[in-house]
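Summary of structural features
Okay, here's what each chain looks like letter by letter:
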Amino acid sequence: MTSDSRGAGGTVETITVAGQPAFSLRNSVGDQLVVLQHGAQVLSWMTADGIERMYCTPRLPSTPKPVRGGVPVIFPQFNLRGPDFSLPRHGFARHQPWERLDAVFAASALHGASAPAGDHEAGARVPPPPAAALPAAHVPHDIVGAEDAAAAGLHATDLVLGLHANEATRAAWTHDFSLQLHIRMLPGQLDLQLVLDNLDPQGCAPMHFTAALHTYFAVTELTASQVDGLAGSTRVDTLVQPNTQGPAGKGPLVLTGAIDDIYLGVQRPLVLQSGLGRLRIAMSGGFADTVVWNPGPVNAAAIDDMPDDDWRRMLCVEAACIGQPAELPPGGRWLAGQHLQVM
Ligand SMILES: O=P(O)(O)OC[C@H]1O[C@@H](O)[C@H](O)[C@@H](O)[C@@H]1O
């Protein structure tokens with residue numbers, strides 16, 4: 001393990017997980033995050049109270065592959081729902097090698113400042129586009145709470161990973177793009193922001209895509225877990241063929257087993273309540289939809305990279321853009337995020 005960077009906000013170290021490059025983020029209060037470089041996949045978020053908040057399979061692949069757990073990045077197609085049906089299930093981003101961009105850039109970007117020229121990590125092939133700073137308005141208010149932004153910045157530990165269009169992505173999807181995942185860990189909070197720039201020349205047709213942060217939460221027992229806040233959205237039940245669609249239930253969603261629901265137009269932050277306590281799950285920007293997925297016992301037995309009984313210990317609550325695929329013209333930027341907070 002090598003120490004990469006240390007600042008007032010914490011440390012970011014390069015480590016290996018199952019022989020693959022990864023990053024370990026720690027802050028002064030004792031929160032820890034592990035992120036696999038391949039796919040820019042968060043694998044573990046352990047808060048200072050010693051509670052692991054993410055589910056991750058113990059069956060880690062020995063080659064660079066998406067891992068069953070943590071937060072796979074889904075782009076530019078959710079599942080097989082288009083709009084480009086020729087793409088692999090859940091798109092290609094989770095199968096791609098991502099690169100680290102400078103964490104100093106991350107901190108300045110999240111606070112709306114432009115990254116100085118040459119500020120990017122040596123060897124990072126893809127500098128963020130010149131105006132890659134996230135607008136301040138995009139940072140969810142609850143990241144800073146009552147504190148001012150500067151004080152919150154002091155406690156923030158940042159990592160930015162980037163994926164640029166390459167030969168493999170162009171073979172599947174012709175567009176030129178830069179996709180960044182801004183990861184910010186704050187005490188008891190984790191903020192994940194996707195920033196997509198369309199780098200196609202002016203005059204090209206807009207890019208169309210769907211996307212998600214496919215977050216696998218740890219729960220002690222699925223059937224003792226519930227999700228509150230979905231009322232007012234439209235529920236699509238994808239376990240039945242053809243899919244059925246109707247208003248989401250008014251009360252909390254109580255988990256009983258297999259579920260594969262898409263909730264369109266989620267109007268407020270959700271609360272996941274389980275044996276691990278309460279976790280607030282908020283979406284921002286281009287994420288308007290939420291997917292709630294658990295394979296249940298029968299489907300879990302058919303999934304190779306997860307122990308048969310682990311369906312009981314996980315629940316995916318995914319921030320997504322599905323119902324209304326995004327349209328982004330050349331030169332345009334799309335932002336979307338998921339923000340998690342222990343309550
Ligand atoms: O096995 P994968 O490709 O990672 O997908 C897992 C699940 O991902 C969810 O997002 C989908 O709604 C499910 O239908 C799917 O089974």
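As recorded in an unreviewed UniProt entry, the chain goes by Putative glucose-6-phosphate 1-epimerase and comes from Lautropia dentalis. Note on the chain: under the UniProt heading Sequence similarities (unreviewed entry), the record states "Belongs to the glucose-6-phosphate 1-epimerase family." The UniProt entry for the chain carries this comment under Catalytic activity (unreviewed entry): "alpha-D-glucose 6-phosphate = beta-D-glucose 6-phosphate".

1. Some details on the domain arrangement of the chain
Often, the extent of an interface is quoted as the loss of accessible area on bringing the components together. Each assigned domain of the chain is listed here: domain 1 (2–215) and domain 2 (217–324). Buried surface at the junction of domain 1 and domain 2, summed over both partners, amounts to about 2,200 Å²; 57% is from carbon and sulfur atoms. Note that Arg68 is salt-bridged to Asp305, the shortest N-O span being 2.9 Å. The interface formed by domain 1 and domain 2 contains eleven residue pairs in polar contact (both at pLDDT 80 or more). Sorting the residues of the side of domain 1 that touches domain 2 by element identifies β10 (189–198) and β11 (207–213) as the ones contributing at least two each. Across the side of domain 1 that touches domain 2, the residue classes tally to eleven nonpolar, six polar and six charged.

2. With respect to the site of the ligand
Surrounding the ligand, one finds Arg68, Phe78, Asn79, Arg89, His90, Arg94, His214, Asp260, Val291, Trp293 and Glu318. The separation between an oxygen atom of the ligand and a polar side-chain atom of His90 is 3.0 Å. At a separation of 2.9 Å, an oxygen atom of the ligand approaches a polar side-chain atom of Arg94. Protein chains shield 87% of the accessible area of the ligand, which is 390 Å² for the free molecule. Counted by class, the shell around the ligand contains three nonpolar, three polar and five charged residues.

3. Description of the environment of Trp293
Mapped onto the secondary structure, Trp293 falls in strand β20 (residues 289–294). For Trp293, a relative accessible area of 15% translates into the label buried. Each C-alpha atom, one on Trp293 and one on Arg94, is 18 Å from the other, the two residues being 199 residues apart in sequence. Apart from the residues within four sequence positions on either side, Trp293 is in contact with Arg68, His214, Tyr216, Ile259, Asp260, Ile303, Met314, Leu315, Cys316 and Glu318.

4. Quick word on the confidence of the model for the chain
In this model, the chain carries an average pLDDT of 88, and 83% of its residues clear a pLDDT of 70 or more. Across residues 105–150, where pLDDT falls below 50, the model places 80 contacts with residues more than four positions away in sequence or in other chains. Model confidence for the complex: the whole-complex pTM is 0.88, and ipTM, which rates the interface, is 0.99.

5. Describing the pattern of salt bridges
Two side chains of opposite charge can pair, provided their charged atoms sit close to one another. Tallied over the full model, the rule gives eleven salt bridges. Between Asp49 and Arg53 there is a salt bridge; the shortest N-O distance is 2.8 Å. Look at Asp49 and you get partly exposed, because its relative accessible area is 48%. For Arg53, a relative accessible area of 4% corresponds to the buried category. Note that Arg184 is salt-bridged to Asp158, the shortest N-O span being 2.7 Å. Highlighted residues: Arg184 in strand β9 (residues 177–186) and Asp158 in strand β8 (residues 157–164), separated in sequence by 26 residues. Salt bridges here are not isolated pairs; linked through shared partners, they connect Glu221, Asp309, Asp310, Arg312 and Arg313.

6. Some thoughts on the sheet that holds β9
An order of β7-β8-β9-β10-β22-β19-β18-β13-β16 is seen for the nine strands of this open sheet, with the pairing classed as antiparallel. This sheet does not close on itself; its edge strands, each paired only once, are β7 (99–101) and β16 (253–254). Of the pairings in the sheet, the one linking strand β13 (residues 226–228) to β16 comprises two bridges and is antiparallel in character. Within β16, the position partnered with Gln226 by the bridge is Val254.

7. Observations concerning the pairing of strand β5 (residues 41–46)
Most of β5 sits inside the fold, with five of its six residues counted as buried. Direction of pairing for strand β4 (residues 32–36) relative to β5: antiparallel, over a ladder of five bridges. When the sheet's bridge partners are listed, Leu33 is paired in β5 with Trp45. Adjacent in sequence and paired antiparallel, β4 and β5 are bridged by four residues, among which Gly39 carries a positive phi angle near 75 degrees.

Conventions adopted
- Residues numbered from 1 in each chain as written.
- Predicted model: local features only at pLDDT ≥ 70, side-chain atom pairs only at ≥ 80, totals over all residues.
- Heavy atoms only, no water.
- UniProt positions renumbered as here; feature names shortened; annotations may be inferred.
- Domains from an automatic or database assignment.
- Buried area = accessible area lost by both parts, 1.4 Å probe.
- Salt bridge = Lys/Arg side-chain N within 4 Å of Asp/Glu carboxyl O.
- Polar contact = N/O pair within 3.5 Å; in protein donor to acceptor, adjacent residues only side chain to side chain.
- Helix = DSSP H or I, 4+ residues; strand = E, 2+ residues; numbered from the N terminus.
- Nonpolar A, V, L, I, M, F, W, Y, C, P; charged D, E, K, R; others polar.
- Near = heavy atom within 4 Å.
- Areas by Shrake-Rupley, 256 points an atom, 1.4 Å probe, with all protein chains shown as cover.
- Buried < 20%, exposed > 50% of the residue type's maximum accessible area, 1.4 Å probe, protein only.
- Contact = heavy atoms within 4.5 Å.
- pLDDT = per-residue confidence, 0-100.
- Pairing = 2+ DSSP bridges.

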